[in-house]
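# Structural description and commentary
The primary structure of each chain is shown beneath.
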Protein chains: 2
Amino acid sequence: MSDPDLFVAHVPGIQYGVLDSLLGYAVRRAQIRVYEAFILALEPWGITPPRYSAMVIVSLNPGLKLTQLAKIMGIARSGAVILVDALEELGYMERQPAPEDRRAFSLALTPKGRTDLARISAVVQEQDQRVISGLSTAEQTELHRLLLKLCAIPD
Amino acid sequence: MSDPDLFVAHVPGIQYGVLDSLLGYAVRRAQIRVYEAFILALEPWGITPPRYSAMVIVSLNPGLKLTQLAKIMGIARSGAVILVDALEELGYMERQPAPEDRRAFSLALTPKGRTDLARISAVVQEQDQRVISGLSTAEQTELHRLLLKLCAIPD
DNA sequence: TATTGTTATACTCTATAACTATA
DNA sequence: TATAGTTATAGAGTATAACAATA
């Protein structure tokens, strides 16, 4: 009966030292925090964050090939195969023959995928809002801006 | 406040839809971004982010038991066993018999662990600084503050 | 030759559950 | 009975490398 509890940022009486000064550690903790409710809420659909991302991207960019999806998501092609396999098994996505290239498949959501994605997105947005509801609107906007700017800094 | 012309880690010509409005998605991307260089820099030591966190926490709170470490890190006890096994195999940490409880172990860094942790922390802080160097000092402070505030919001 | 999708394999991180030895 | 550590097992998520079919 191990119980991983919910992640707590700081256990009282414990020294965290340099971890407290690292922005990377704060980002990581925030990510865990934001994902917790998110993952729980999506469990009934068999959906995880990467699967959700793939569904959104394919829904808005129908006809994508697996290699393109992998590139967009920043993962290996073999990872895209596994992702699409899972979504296909859930009945949310399908491989359609690509007319212009017999090696490739065009990805598309199934009708069930389109219907459920709308409801899943509603839940996701609701959870996202709930988690950040302790920040003022200005703070939410500023946090989003700074996170995007962080990602935009070149190597 | 928001900067619509800010570069986003997007593949040109691809629609991201709702993902762009989710703070959780921005946090996730930022976390991946911050961890990239971090993971690469630590590879020579056999150290990963969770292993690094465990080393820092044990170094500052010597005598912790595995169950306490698991609780502090927000993972299951079985995960703490694997973590400590790996650090013990690397020669960085050791289980010492707990005088007051023959079931338990007191965790401590080895001399090598203490020496290497100082150098590892230097690299980690350097990478952390490098990644956020595109933000002004005020922006870095504000981002850190908002991330901590996000984690502090009760469920 | 190069590319597309696939498979095989491996590693990290995480989980739950059952076990042991103590408490 | 409860707790500390362990082991067994599983499942995501990721990677690299090799392969067949096609370009």
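The coordinates are above.
Every residue gets a number counted from 1 within its own chain, in the order that chain's sequence is written. Here every chain gets a letter starting at A, and every ligand a number starting at 1, in the order they are written. Note on the predicted model: pLDDT of at least 70 is required for a residue's local features to be given, and 80 or more for side-chain atom pairs to be given and counted; whole-chain, interface and lining totals, by contrast, use all residues. Note that water and hydrogens are dropped before the side-chain values are worked out from all heavy atoms of the structure.

We now examine the overall build of chain A. Helix and strand labels come from DSSP, where a helix needs a run of H or I of at least four residues and a strand needs a run of E of at least two; each type is numbered from the N terminus. When you go through chain A residue by residue, the secondary structure sums to six helices and two strands. The C-alpha atoms of chain A give 19 Å as radius of gyration, which overshoots the globular expectation for 155 residues (15 Å, by more than 25%). Each of the 155 residues in chain A was classed as buried or not, and the buried ones make up 50%. Residues count as neighbours in contact if any of their non-hydrogen atoms are within 4.5 Å of one another. Once local pairs closer than 6 in sequence are excluded, the contacts in chain A between residues at least 24 apart make up 47%. When the accessible surface of chain A is summed, it comes to about 7800 Å², and 57% of that surface belongs to carbon and sulfur atoms. Taken together, the 16 basic and 17 acidic charged side chains of chain A have centroids lying 7 Å from each other. Throughout, radius of gyration means the C-alpha value; the globule benchmark is 2.2 Å times the number of residues raised to the power 0.38. Using a 1.4 Å probe on the protein chains alone, a residue whose accessible area is under 20% of its type maximum counts as buried, one over 50% counts as exposed, and one in between counts as partly exposed. Exposure was quantified through the Shrake-Rupley algorithm and a 1.4 Å probe, taking into account, for residues, occlusion by the shown protein chains and nothing else. Under this rule, positive means Lys or Arg and negative means Asp or Glu; His and the chain ends count for nothing. Here the site of a charge means atom NZ of a Lys, CZ of an Arg, CG of an Asp or CD of a Glu.

What follows covers the side chain of Lys-65 of chain A. By the secondary structure assignment, Lys-65 of chain A is in the loop between helix 2 (49-60) and helix 3 (66-73). Judged by its relative accessible area of 19%, Lys-65 of chain A falls in the buried class.

Residues and elements named next belong to chain B. For strand 2 (residues 105-109), the buried fraction is high: four of the five residues fall into the buried class. Two strands make a pair as long as DSSP finds a minimum of two bridges between them. Pairing geometry for strand 1 (residues 93-97) and strand 2, over five bridges, is antiparallel. From the neighbouring strand, Pro-97 faces strand 2, where its bridge partner is Phe-105.

What follows is about the protein's contact with DNA strand D. A single heavy atom is enough: if one lies within 4 Å of a molecule or strand, its residue is considered near that molecule or strand. Close contacts around DNA strand D come from 21 residues, with Thr-48, Ala-76 and Ser-78 of chain A together with Thr-67 and Arg-103 of chain B the closest. The sugar and phosphate moieties of DNA strand D supply 62% of its atoms located within 4 Å of the protein. Polar contacts, as used here, are pairs of N or O atoms within 3.5 Å; protein pairs need one atom able to donate a hydrogen and one able to accept it. Residues neighboring in sequence count only if both atoms are side-chain atoms. A distance of 2.7 Å separates a base oxygen of DNA strand D from a polar atom in the side chain of Ser-78 of chain A. Mapped onto the surface near DNA strand D, the elements with two or more residues apiece are helix 2 and helix 4 (77-89) of chain A together with helix 3 (66-73) and helix 4 (77-89) of chain B.

Moving on, we get to the protein's contact with DNA strand C. Near DNA strand C, the surroundings consist of 23 residues, among which Thr-67 and Arg-103 of chain A together with Thr-48, Ala-76 and Ser-78 of chain B are the closest. Sugar plus phosphate: this is where 62% of the atoms of DNA strand C within 4 Å of the protein reside. Thr-48 of chain B is positioned with one of its side-chain polar atoms (N or O) 2.7 Å from a phosphate oxygen of DNA strand C. Elements supplying a minimum of two residues to the surface near DNA strand C: helix 3 and helix 4 of chain A together with helix 2 (49-60) and helix 4 of chain B. Residues of the surface near DNA strand C, tallied by class, amount to nine nonpolar, six polar and eight charged. Gly falls in the polar group here, along with every residue not listed as nonpolar (Ala, Val, Leu, Ile, Met, Phe, Trp, Tyr, Cys, Pro) or charged (Asp, Glu, Lys, Arg).

So, about the relation of the copies chain B and chain A. C-alpha atoms of residues with pLDDT of at least 70 in both copies form the basis for the least-squares superposition of the copies. Superposition of chain B onto chain A requires a rotation of 180 degrees combined with a translation of 0.0 Å along the rotation axis, giving an RMSD of 0.3 Å. Those values place the two copies in the arrangement expected of a two-fold rotation axis. The residues that chain B uses at the interface reappear at the interface of chain A in 91% of cases, marking a shared surface.

Note on helix geometry: an α-helix contains 3.6 residues per turn, so any two residues three or four positions apart are oriented the same way. With 21 residues, helix 5 (residues 111-131) of chain A ought to run about 30 Å at 1.5 Å a step, and its terminal C-alpha atoms sit 31 Å apart, in line with that. Packing partners of the buried residues in helix 5 of chain A comprise helix 1 (23-42), helix 2 and strand 2 (105-109) of chain A together with helix 1 (23-42) and helix 6 (137-152) of chain B. Expected span, for any helix, means 1.5 Å times one less than how many residues it has.

Its place among the elements puts Ala-122 of chain A in helix 5. Taking the C-alpha atoms as reference points, Ala-122 of chain A and His-144 of chain A, 22 residues apart in sequence, are found 20 Å from one another.

Glancing now at the interface of chain B and chain A. Note: interface size is frequently given as the accessible area lost on complex formation between the parts. Between chain B and chain A, the residue contacts involve 67 residues of the former and 66 residues of the latter. Regarding the contact of chain B and chain A, the summed buried area is about 6300 Å², with carbon and sulfur atoms giving 69% of it. The salt bridge criterion pairs a side-chain nitrogen of Lys or Arg with a carboxyl oxygen of Asp or Glu, the two atoms within 4 Å. Between the two partners, chain B and chain A, sit four salt bridges. Of the charged contacts, one joins Glu-139 of chain B and Lys-149 of chain A as a salt bridge, the two residues approaching to 3.1 Å between their closest N and O atoms. Take the accessible area each of two parts loses on contact, using a 1.4 Å probe, and add the two losses: that sum is the buried area.

Next up on the list: the pattern of salt bridges. Applying the stated criterion across every chain, the model contains 17 salt bridges over all chains. Linking Glu-88 of chain A and Arg-95 of chain A is a salt bridge whose minimum nitrogen-to-oxygen distance equals 2.6 Å. Owing to a relative accessible area of 30%, Glu-88 of chain A belongs among the partly exposed residues under this scheme. A relative accessible area of 22% places Arg-95 of chain A in the partly exposed class. Among the ionic pairs, Asp-101 of chain A bridges to Arg-103 of chain A, the shortest N-O distance being 3.0 Å. What makes Asp-101 of chain A partly exposed here is its relative accessible area of 21%. Here the residues in one salt-bridge network are Glu-139 of chain A together with Glu-142, Arg-145 and Lys-149 of chain B, joined through shared partners.

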